[in-house]
Amino acid sequence: MKTQLWTDAVMTTRRINGAKVEVVLPAKTSTVQSSAHAIKKKRNNFSCGKMAQYSRVSGTVGLITLQNPPVNALSAAVRQGIVDTVKRALGDPEVKSVVICGQNGVFCGGADIREFGSPMAGPPLVPMIHAIEAAGKPVVAAIEGVALGGGLELALGCHYRIAHSKAKVGLPEVTLGLLPAAGGTQRLPRLTGLPAAIELITTGRHITAAEALKLSIVDQLTDQSGVDAAVKFAKSVAEQPLDARRVSNLPCPCPPDLDALFEAAMQKVRRRARGATAPVACVQALRAAATLPYARGMQREEELMATLFTSGQARALQYAFFAQRAAGRWSMPSGARWDGSEPKPVRKAAVVGLGTMGRGITVSLAQAGLSVIAVEAEEKPLKEAKQAISGMLQRGAARRGEAPALDLITYSQNLRAVADADLVIEAVFEDADLKKRLFRQLSAVCKPRAFLCTNTSSLDIDLLAAQSRLPELVVGMHFFAPAHVMKLLEVVYGSRSSPEAVATAVNLGKRMGKVGVAVGNCRGFVGNRMLSPYFEQGLFLLEEGATPESVDAALEEFGFAMGLFRMSDLSGIDVGWRVRKAEGLVQPGAAVRVRQGRRYSPLGDLLYEQGRFGQKTGRGWYRYDNSREATPDPWLHGFLEAYRARHGLAARRIDRREVLERCLYALINEGFRILEEGIAAGPEDVDVIYVLGYGWPKHRGGPMFYASMVGLTKISERLEYYQQAHPDVPYLQPCSLLRRLVASGSPPVHKWREIIKKTHSHL
Ligand code: COA
Ligand code: NAD
């Protein structure tokens, strides 16, 4: 039998421009390919390479329409189409000015990300945009929908930009590990000034047309058809001189203290995304715009892009982009697909329990434009919740310059108020009996086909569904705190949940601006289940000689926004204690270090007994003296020494490598178990959960992508090594899916689903 061998991509470090950069060899994309979309609308006349169409309108205006659904990305064929149609328009003596637009009300979503990683084909963007800028006839960009990345760079090469008032523009390349390398870093600051360009390019933020007008990125807004307005405008500027309209001719306005500006910008990007190289390169390119003539600035932009393009970080971020979009394409182990079943419309939703989570969920629903019935059991908490929710809505609306959606919420103390809701989300205390009772009550008062959802973080969905008349309409909607901010939503399906219920919950999440990932029903679902061995390894490391600050430093240097002990202090040491207590693990006095047949660390329980709950009590793994700033605590160091002495544990020096390997590989191994059991449909789903919900550094793709970069063989070998050193920690044993993947030659991450599917079909 022939065994197919896959080679793991090799991640290596190179020094470029004095900075350490991770480079992946060979550079082969592992993106989840997106499906081709049908071109729905066609204009007549001349069509060039199918991807840019040319017509003459209004007698003297050459109209070029980009055609590459869904977002008219600048694929090789589109670029070729633009080159050809621009040439045609400029050569047509009847044409006095040119308009570039995109079909279906979308100007352009930028470079075609699906082409990254393949050898470059078709005409490059930079000379194409230069040729447009150098044209002797005015070229007007008609921006509808979005002009992002290369799309905005194309528009910046035009002489005028007319935008529809609902359009959005931006240079989001940094979010894909890149910089805007078709002149974006050189042209944008010439229009907006440096501070705004630094902010836009280093964050990749999409801005509204109104903000773009204020920043001089666009010249005019329209509420009518952007194309019609641009054609009219193009006629009006037909014979006007163009020199002052060529953005590359403009000086880059510089504030007096450039060094201070760039120093502050560099510090900010380093703080915001620890270890991410693209934001740093963006700042360097913008500095070139400020200090070098345009042509040399362009050279610098190109050099910096070359360092980023093949980097492991760009690859990881592009993987994350497609992973987020693939997360919705989920199928149940039975083969039923939620995306094949229609989500039911939800016009009115209800939230029961208005504590930390219920408030955030209510805000998020109202902000999405839904009518919400918000229910609390007692008068005082209801009043407090109403005040808090109104405040959150008002602050959010003020930030966005909108009116707050206060009128969409009806408050009640009576559960019967939810009777006409299409979907109910319960967020009462994490108490199985209380939730069971509530599900029985909801089943009695709700309309017959209402969906009943629970925000439980640990209870069995089937147990709650069993209380309902129609268990197929019950799913978990596991939001993350703060629920109106965090983008992740785990949609948990029980054994009887229907695909329609999952579809409805995922779809509602999407309306709320969340990425809904459908996951199976098990203890901790996906995110919290993987967190458990990660956290426990941290505790074991403390027992063996580490300090909270040494463990956190290693994880934060890896890229986590917060190390595990700082995170534990933030979410509350008491929360974990309650979960362990419910599982029968907590014993007062905490003398025993083996529980339920395996190694157990009672350190968290001991802190709980001391009243050290974390930030909320000012003391936890760290101390917090009237601030949220974590300060290493000598008391804790003494406590750890006494603990080790009591248990005869000799402290040893633990290096960064061991911290990372033990915490991260234990978490990754649990991720493989989750895939093996079909709790998550594929590695992309696990990665989306970790990046959006658990602070995993996005430029490392997610735990499963990271595992594929490190190499599955290495992960497996190191796990075995640690398992031999700690035989009383069974979860360090590489799980069978990991071993099987290693045995089949460590296929790249986008091939794992096939192997998992085969494994399931053999069972
Ligand atoms: N290249 C290739 N495909 C792209 C794309 C691009 N630049 N931008 C979007 N797509 C695809 C998505 O993968 C998705 O494909 P699928 O339906 O097969 O999953 C489809 O277009 C729709 O995108 P989605 O994000 O689901 O739609 P949306 O309406 O929520 O958002 C955008 C549209 C354009 C705002 C968003 O897709 C986006 O931000 N795209 C990236 C823009 C960018 O970074 N450009 C610079 C590239 S260097
Ligand atoms: P919380 O204690 O802040 O709020 C619970 C609220 O429910 C309280 O306001 C209480 O008055 C109300 N309540 C209790 N019984 C009620 C009843 N019968 N009818 C109406 N209201 C009732 O709790 P929380 O942190 O918001 O957690 C709520 C749920 O969300 C739990 O299941 C929890 O596991 C889950 N969750 C919490 C977080 C988090 O970070 N806090 C994250 C994800 C999920």
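Caption draft 1: A look at the overall build of the protein chain. When you go through the protein chain residue by residue, the secondary structure sums to 28 helices and 22 strands. For the protein chain, the C-alpha radius of gyration of 28 Å lies close to 27 Å, the compact-globule estimate for 763 residues. The dimensions of the protein chain, computed from C-alpha atoms along their principal axes, are 90 × 65 × 60 Å. Within the protein chain, the fraction of its 763 residues that count as buried is 56%. The contacts of the protein chain with a sequence gap of at least 6 include a subset with a gap of at least 24, amounting to 72%. When the accessible surface of the protein chain is summed, it comes to about 32200 Å², and 53% of that surface belongs to carbon and sulfur atoms.

Caption draft 2: Region of interest: the sheet that holds strand 8 (residues 146-148). On the basis of which strands lie adjacent, the open sheet formed by three strands has the order 8-10-11 and mixed pairing. Every interior strand has two partners, whereas the edge strands, strand 8 and strand 11 (207-208), have only one. As paired elements, strand 10 (residues 168-170) and strand 11 share two bridges and run antiparallel to each other. In the sheet register, Val169 faces strand 11, and the bridge partner there is Ile207. Sitting on the sheet, helix 3 (residues 150-157) touches strand 8 and strand 10, and the angle it makes with strand 8 is about 95°.

Caption draft 3: How the structure looks around the pairing of strand 9 (residues 160-164). Burial within strand 9 is extensive, with five of its five residues counted as buried. Neither face of strand 9 is left uncovered, since the one carrying Tyr160, Ile162 and His164 and the one carrying Arg161 and Ala163 both have all their residues buried. Pairing geometry for strand 7 (residues 139-143) and strand 9, over four bridges, is parallel. Note that in strand 9 the partner of Ile143 across the bridge is Ala163. Where strand 9 lies against strand 12 (residues 220-222), three bridges are found, and the strand directions are parallel. Each bridged residue has a counterpart across the sheet, and for His164 the counterpart in strand 12 is Thr222.

Caption draft 4: Looking closely at the domain arrangement of the protein chain. Taken domain by domain, the protein chain consists of domain 1 (9-309), domain 2 (341-519), domain 3 (546-646) and domain 4 (656-762). With centres defined by C-alpha atoms, the gap from domain 2 to domain 4 works out at 32 Å. When domain 2 packs against domain 4, close to 740 Å² is buried across both sides, 71% of that on carbon and sulfur atoms. Summed over the three residues of domain 2 that lose the most area to domain 4, namely Leu488, Val517 and Val519, the buried surface amounts to 47% of that side. At the boundary of domain 2 with domain 4, the tally comes to zero salt bridges. For the pair domain 2 and domain 4, the number of links is zero residue pairs in polar contact (both at pLDDT 80 or more). Elements supplying a minimum of two residues to the side of domain 2 that touches domain 4: strand 19 (488-493) and strand 20 (515-520). When residues of the side of domain 2 that touches domain 4 are assigned to their parent elements, the largest contribution, four residues, is made by strand 20. Split by residue class, the side of domain 2 that touches domain 4 holds eight nonpolar, no polar and two charged.

Caption draft 5: Layout of the packing of aromatic side chains. The tally for this structure, following the rule as stated, stands at 19 aromatic pairs. When the ring of Trp577 is compared with that of Tyr608, the centres are 3.8 Å apart and the planes differ by 10°; the resulting orientation is stacked. Remark: Tyr608 occurs in helix 21 (residues 603-609) and Trp577 occurs in helix 20 (residues 573-582); sequence separation between them is 31 residues. A relative accessible area of 18% means that Tyr608 is categorised as buried. Three or more aromatic residues joined by ring pairs form one cluster here, namely Tyr534, Phe558, Phe560, Trp696 and Tyr706. The ring of Phe321 is capped by Arg325, whose NZ or CZ atom sits 3.8 Å from the centre of that ring.

Caption draft 6: Spatial organisation of empty space enclosed by the protein. The full count for this structure, using the stated rule, is four cavities of 30 Å³ or more. Looking at the largest cavity, its volume works out to about 80 Å³. Contributing to the lining of the largest cavity are Leu442, Ser443, Cys446, Lys447, Pro448, Ala450, Leu452, Ser468, Arg469, Leu470 and Leu473. Within the lining of the largest cavity, the residues separate by chemical class into seven nonpolar, two polar and two charged.

Caption draft 7: Main features of the pattern of salt bridges. Counting across every chain of the model gives 43 salt bridges. A salt bridge links Glu430 to Lys435; its shortest N-O distance comes to 3.6 Å. Overall, the relative accessible area of 1% leaves Lys435 in the buried class. Linked through salt bridges whose partners overlap, the residues forming this network are Glu543, Glu544, Arg593, Arg599, Arg652, Glu658 and Arg662.

Caption draft 8: Spotlight on the packing of helix 4 (residues 184-192) against helix 5 (residues 194-203). Two numbers describe how helix 4 lies on helix 5: the axes approach to 7 Å, and their chain directions differ by 135°. Comparing their axes, helix 5 and helix 4 come out oblique. Relative to helix 5, helix 4 is oriented so that their crossing is right-handed. Listed contacts from helix 5 to Gly184, Thr185, Leu188, Pro189 and Thr192 of helix 4 are Leu194, Ala196, Ala197, Leu200 and Ile201. Residues of the contact of helix 4 with helix 5, tallied by class, amount to seven nonpolar, three polar and no charged.

Caption draft 9: Up close: the environment of Ala349. When you line up the elements, Ala349 lands in strand 13 (residues 348-352). Using a relative accessible area of 0% as the deciding quantity, one classes Ala349 as buried. Taking the C-alpha atoms as reference points, Ala349 and Leu286, separated by 63 residues in sequence, lie 47 Å from one another. Excluding residues that lie within four positions of it along the chain, Ala349 makes contacts with Leu365, Leu370, Ser371, Val372, Ile373, Ala421 and Leu423.

Caption draft 10: View of the site of ligand 2. Near ligand 2 there are 20 residues, and of these Met357, Glu376, Glu430, Lys435 and Ser457 occur at the shortest range. Met357 has a polar backbone atom sitting 2.8 Å from an oxygen atom of ligand 2. Val428 is positioned with one of its backbone polar atoms (N or O) 3.4 Å from an oxygen atom of ligand 2. For ligand 2, whose free accessible area comes to 830 Å², the fraction covered by protein is 76%. Elements with a minimum of two residues in the shell around ligand 2: helix 12 (356-367), helix 14 (432-445) and strand 18 (474-479).

Caption draft 11: Spotlight on helix 23 (residues 656-676). Between its first and last C-alpha, helix 23 extends 30 Å over 21 residues, near the 30 Å set by a 1.5 Å rise per residue. Here helix 23 lies mainly inside the structure; 18 of its 21 residues are buried. Positive backbone phi, approximately 75°, marks Gly678, located one or two places after helix 23.

Caption draft 12: Geometry of the nonpolar core. One finds Trp621, Leu664 and Phe672 to be the most contacted residues of the largest nonpolar core, which totals 106 residues. Among the elements that take part in this core, helix 23 stands out by supplying 11 residues, more than any other. If we skip the residues at most four places from it in the chain, Phe672 touches Met704, Ala707, Leu712, Cys735, Leu737, Leu738, Leu741 and Trp752. Of all hydrophobic cores here, the second largest spans 74 residues; its members include Leu191, Leu258, Leu286 and Ala290.

Rules and cut-offs
Residues numbered from 1 in each chain as written. Chains lettered and ligands numbered in written order. Predicted model: local features only at pLDDT ≥ 70, side-chain atom pairs only at ≥ 80, totals over all residues. Heavy atoms only, no water. Helix = DSSP H or I, 4+ residues; strand = E, 2+ residues; numbered from the N terminus. Rg over C-alpha atoms; globule rule 2.2 N^0.38 Å. Buried < 20%, exposed > 50% of the residue type's maximum accessible area, 1.4 Å probe, protein only. Contact = heavy atoms within 4.5 Å. Areas by Shrake-Rupley, 256 points an atom, 1.4 Å probe, with all protein chains shown as cover. Pairing = 2+ DSSP bridges. Axes fitted to C-alpha atoms, helices over the stretch in contact; angles between N-to-C directions. Domains from an automatic or database assignment. Buried area = accessible area lost by both parts, 1.4 Å probe. Salt bridge = Lys/Arg side-chain N within 4 Å of Asp/Glu carboxyl O. Polar contact = N/O pair within 3.5 Å; in protein donor to acceptor, adjacent residues only side chain to side chain. Nonpolar A, V, L, I, M, F, W, Y, C, P; charged D, E, K, R; others polar. Phe/Tyr/Trp six-rings, centres within 6.5 Å; stacked < 30°, edge-to-face > 60°. Lys NZ or Arg CZ within 6 Å of the ring centre and 35° of its normal. 1 Å grid on protein atoms, 1.4 Å probe; cavity = no way out; pocket = protein on both sides within 12 Å on 5 of 7 lines; lining within 4 Å. Points joined across faces, edges and corners; volume = space filled by probe spheres on them. Parallel < 35°, antiparallel > 145°, perpendicular 65-115°, else oblique. Left-handed = near helix turned anticlockwise from the far one by under 90°. Near = heavy atom within 4 Å. Expected span 1.5 Å × (residues − 1). Core = buried A, V, L, I, M, F, W, Y, C linked by side-chain atoms within 4.5 Å.

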